[in-house]
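Fold and geometry: a report
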Amino acid sequence: MTTQMTRVRPAAPPERRRRARTRTANVAGVGRPGFLWAAPATLFFAAFAVVPLLMVVVLSFMSWDGIGDPEFTGLDNWRRVLDDPVMIKSIWLSLLLTGLGVAIQTPLSILLGVWAAGNQKNRAVLSAIYFVPLLLSATAVAVVWGALLDPNFGVPAEATWLFGDGNLYGEQASAIGVLAFVSTWQFTPFHTLIYQGAARAVPPVLYQAAEVDGAGRYRQFFHITLPQLRNAMITSMILMVVGGLTTFETVLILTQGGPGTDTTISAYYMYERAFRSFDYGAGAAIALVLVLAATLISLVMVRLSGYDKMRSTTEGL
Amino acid sequence: MKTRRRMPRILAGGVALGLALTLAGCGDDGGSASGENEFTVLVYGDATNEVEKKLVAEFNKTSEVKARLDTIPGADYQQKLQTIISTPQAPDVFFHWGGGSIKPFVDADLLLPLDDFVKKDPGLKDNFLPSVFDASVVDGKAYGIPMRGTQPVLLFHNKKVLDEAGVQPPETWDDLLAAVEELKDAGVTPIALGGGDMWPTQMWFQYLYDRIAGPELFQQALDGDKEAWESEDSRKALGMIRELVDAGAFGDTYDSVKFTNNGSAQLVASGKAGFELMGSWYYSTQQSLNEEFAAEDLGYSAFPAVDGGKGDPANLAGNTNNYYSVMKKAEHPEAIAEFLKLMYSDTFVKDQLSIGNLPTTTNTADFLDQAASPEYSTYQYDLVAEAPHFQLSWDQAYPQSAATDMHKAVQQFFNGGLDADGFISAMQALPTS
């Protein structure tokens, strides 16, 4: 909507634009039956997101093992979850894995994306190959890497100079490394796609002007491409954070939260409490903690990055 | 409209009929997991399924009400079962491990007591070994019919590897420690362990505790006496496990190896490891992976004795048997009763034996010579028949809600994440009822 706005009034100063936004519906001058159009999506969202979320809130105050009737136990689950050292640890682990994901995947996918946006001859073929992981299910990816990283019959057995004894899932650092690596392998193509699209949208006149001014390839990258990718970067990072906080199947298949509880991230811990220990109340409480944390982090990111009042990168052109 | 008028009547009628049938089909699915004249049988998914498939096919040849077999791959069985059991998708007949694992279902009044079946056909009880049949009796009522084989945990080995290192299957704990050194010198991992699964690690605890303290200590702990874990015997067992791990018996990578993806079994079959402690199903696992190895080089022995231990060296640990239980909501109890009778049929006993399982029917002894490996089956049969005590696996004996925390505790004690005190308090924190 904002882009549409800016197209209507490209040079509007910020204050005026904000005021204009409140009348967005009328800007285009087309009458739309607002609620009716939104109804199907709203109903769907309510039935499959809002209602279950409310039920989880109720469940978090109950004790239930999956059979029989749930009983109200007040704040008991919450007290247990917030006092649980594994829970606290799991939040830090979730943040660590998410942070690692952003830190590794962002530079990689920017470079790949900008490269793939060019018009080299081999580009189409190589890009197609790079995007293959995107087509595979997360479960399949985890299973394949699990087999490839087997200490006795996988790559580590052949490359001892790199993997040492190959006990990748037996130490916290290497287990976290494996998880970060596998999600990098799996999700970098997706973010590359975002950056590729964004890099293609950079107006060529900017580069032409820079060339006239004598800017080299690196200066062009740092002073034109990167600033132009700002909005894409924010989008991709928010997706990475949300995806990172809800990572689950990779942990389930590769480490099962082990060794001990050393890779038990919050999403997996929730599953473990609810579906392995049949303590659905505690599972619901953990799920809510996760929802709150993810919402908070997203809000902070949106605020800090100015995503909510995102400016067009083509302003003034 | 025009096209529709031209459409031949028959075709239109056919389409309408088809739609109606589809709708009817939907209605059925909404009500119950099984269709009309059908009941579902849910089984733990592993190599034994081929026998169950054959049995169901056999049953369906003559029965009007058909059985449908569903399997859930091993590691996820218990939580999937618990998730669906009180929903309309619940199976009519399902597999379990006996007593402790169905207690919550009995308490929730979901299961059909089988005493009426037994009254109509006493064979449903009399044809099974009493101790095994009784392990699925809850509150004085029978809830399960034994349906696979008894599965004691044995110490398996690769004969070739042991021969080359000059090692004999150990009879005592000291023999085992010596064998570990010899095998290390020979350049192989002495004992393969699927530590990534965690339950194989626990087998070492349940056997060693039984050998040192006898079955009483664990029973006390299970009855709620948390002091049991702090006893001298408990600390002695933990010290011996520590010694074995520190001696390098399991190599360095056991936490990255799993049994459920055949990783540990491959280690033994390929000669990279000497021993593996595993349930008797190990034979069929190896058979399905590598038939030649299972037939020629797979050796086995009982868990070694511990000098001065209170437990009888003839005691066993593992799964007493698996059972079929019937849901109260099942619509075809008569057909299910007929189906359950097959569990003591001669064909069933022979088929189980042919893949290395050991059924617990009274006529099992008659067919031992027809087993896949008569020697192996006879060996097991004698062990079970002579064992003064058969310890149900710890994670099955405790309530299901304790299993995850127990598994983490044994894993962390093995890899040094917990010391003896840490392990003891982790075990004390487990729910016992």
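For the structure, check the block above.
For clarity, every value in this text was computed on a predicted model and none was experimentally measured. (Residues numbered from 1 in each chain as written. Chains lettered and ligands numbered in written order. Predicted model: local features only at pLDDT ≥ 70, side-chain atom pairs only at ≥ 80, totals over all residues. Heavy atoms only, no water.)

All names here are of chain B. Strand order in the open sheet made by the five strands is 2-1-3-12-6, with mixed pairing throughout. Lying at the two open borders of the sheet, with one neighbouring strand each, are strand 2 (66-73) and strand 6 (145-146). When strand 3 (residues 93-96) meets strand 12 (residues 323-326), the two strands line up antiparallel, connected through four bridges. Bridge pairing in strand 12 links Phe95 to Tyr324. Here helix 4 (residues 77-84) sits on the sheet in contact with strand 1 (38-45), strand 2 and strand 3, set at roughly 150 degrees to strand 1. (Pairing = 2+ DSSP bridges. Helix = DSSP H or I, 4+ residues; strand = E, 2+ residues; numbered from the N terminus. Contact = heavy atoms within 4.5 Å. Axes fitted to C-alpha atoms, helices over the stretch in contact; angles between N-to-C directions.)

The nonpolar side chains of soluble globular proteins are, as a tendency, buried together. Core analysis: the largest hydrophobic core is formed by 82 residues, its most contacted members being Trp173(B), Trp204(B), Phe205(B) and Phe250(B). With eight residues, helix 11 (residues 199-213) of chain B is the single largest residue contributor to this core. Ignoring any residue separated from it by four or fewer positions in sequence, one finds Trp173(B) in contact with Trp204(B), Leu208(B), Met240(B), Leu244(B), Phe303(B), Pro304(B), Ala305(B) and Val306(B). Ile67(A), Ile102(B), Val326(B) and Leu368(B) belong to the second largest nonpolar core, which has 58 residues in total. (Core = buried A, V, L, I, M, F, W, Y, C linked by side-chain atoms within 4.5 Å. Buried < 20%, exposed > 50% of the residue type's maximum accessible area, 1.4 Å probe, protein only.)

Moving on, we come to the packing of helix 12 (residues 172-200) of chain A against helix 15 (residues 230-245) of chain A. Residues and elements named next belong to chain A. For the pair helix 12 and helix 15, the least separation of the axes is 10 Å and the interaxial angle reads 165 degrees. Classified by the angle between their axes, helix 12 and helix 15 sit roughly antiparallel to one another. Judged by the sense of rotation from one axis to the other, the crossing of helix 12 with helix 15 is right-handed. Across from Phe190, His191, Ile194, Tyr195 and Ala198 in helix 12, the residues of helix 15 making contact are Ala232, Met233, Ser236, Leu239 and Met240. Taken together, the residues of the contact of helix 12 with helix 15 sort by class into eight nonpolar, two polar and no charged. (Parallel < 35°, antiparallel > 145°, perpendicular 65-115°, else oblique. Left-handed = near helix turned anticlockwise from the far one by under 90°. Nonpolar A, V, L, I, M, F, W, Y, C, P; charged D, E, K, R; others polar.)

Here we take up a nonpolar patch on the surface. All names here are of chain A. A cluster of nonpolar side chains, Val132, Leu134, Leu135, Leu136, Phe181, Trp185, Phe190, Leu193 and Leu239, forms an exposed patch at the surface whose accessible area comes to about 780 Å². Put simply, the parts of the chain that give the nonpolar patch at least two residues each are helix 8 (132-135) and helix 12. Of all the elements, helix 12 adds the most residues to the nonpolar patch, at four residues. Mapped onto the fold, Leu136 is located in the loop between helix 8 and helix 9 (138-148). For Leu136, a relative accessible area of 39% gives the class partly exposed. (Patch = residues over 30% accessible without salt bridge, like charges linked within 9 Å, V, L, I, M, F, W, Y side chains within 5 Å. Areas by Shrake-Rupley, 256 points an atom, 1.4 Å probe, with all protein chains shown as cover. Salt bridge = Lys/Arg side-chain N within 4 Å of Asp/Glu carboxyl O.)

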